[in-house]
Every structure is written in C-alpha cells, then in structure tokens.
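The primary structure of each chain is shown beneath.
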Amino acid sequence: QVQLVESGGGLVQAGGSLRLSCAASGSIFSINVMGWYRQAPGKKRELSATITSDGTTNYADSVKGRFTISRDNAKNTVSLQMNSLKPEDTAVYFCNARLYTYDKISRNYWGQGTQVTVSS
C-alpha cells in the first residue's frame, strides 16, 4: 500500500507564490521519478514538472523559469515552488510517483490533488 499526500494549495493573487509539497509513504522500495501534473476545468491533465532520483528535472514550457521542483530522496518527498503565478496556472495539482514496491514491481501512483487558484 502506497499513499501520496499533497499539501500547500490555496488562493493567491497573480504574481504571488505558493509551495506545494507531497509525501510518499507505505511499502516503497525505491522511487524513480516524482512529479507534479495539473488539470484545469474542462482540460486534460498535463505535466508541470518532474524530477528523477538523481535530480534531473523536466519542466513544461508554460512553467519554465517560474516553477522549481525539488526532492528529498531520504524522506520520499517532492515539492514545487511556484513563483510569478498567473491566472492560467489555476488548476488541481496532482503529485505523481513512479516507484518500486517491495515486490519489485514498478507502478504509477497519484495523490488526491490540491487546488491552486490564482486571481487576477
């Protein structure tokens, strides 16, 4: 059993900042990739940023230069620092982890999502 628990969403004015955090717990052997995806109303879920276990990052063009993803491998946590927020960043943000459980099977896990609302 694996759980991803997010925190840190909320309401912020355009130009402001928010920090999202996600903690993975349970029968985790190792985590390959952790990331953040977002889904705006009426739209498909899309990548925001990912980070591998060795720290390699990948960002969607829409958030490059404004968002920073980081990870603590020892604590199985991932964070997303979001600066210079825009109304179009409004979405539910989902934490994601591609990991191995102790049965050595790789699976994809999602958090429950946290709402980020940016007012103009």
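This is a predicted model, so every value here is computed, not measured.

1. Points about the packing of aromatic side chains
The geometry of an aromatic ring pair comes down to the distance between the two centres and the angle between the two planes.
So, step 1. Overall, the coordinates contain two aromatic pairs when judged by the stated rule.
So, step 2. Centre to centre, the rings of F29 and Y102 are 6.0 Å apart; their planes meet at 75°, and the pair counts as edge-to-face. Of this pair, F29 sits in strand β4 (residues 28–39) while Y102 is found in the loop between β9 (91–101) and β10 (106–110), placing the two residues 73 residues apart along the sequence.
So, step 3. Judged by relative accessible area, F29 falls into the partly exposed class, the value being 46%.
So, step 4. Between Y37 and W110, the aromatic rings sit 5.1 Å apart at their centres with planes inclined by 70°, giving edge-to-face as the arrangement. Separated by 73 residues along the polypeptide, Y37 in strand β4 and W110 in strand β10 bring together distant segments of the chain.
So, step 5. Cation over ring: R45 sits above F94, and NZ or CZ is 3.6 Å from the ring centre.
So, step 6. Its end group placed over the ring of W110, R45 keeps NZ or CZ at 4.6 Å from the ring centre.

Rules used in this analysis
Residues numbered from 1 in each chain as written. Predicted model: local features only at pLDDT ≥ 70, side-chain atom pairs only at ≥ 80, totals over all residues. Heavy atoms only, no water. Phe/Tyr/Trp six-rings, centres within 6.5 Å; stacked < 30°, edge-to-face > 60°. Helix = DSSP H or I, 4+ residues; strand = E, 2+ residues; numbered from the N terminus. Buried < 20%, exposed > 50% of the residue type's maximum accessible area, 1.4 Å probe, protein only. Lys NZ or Arg CZ within 6 Å of the ring centre and 35° of its normal.

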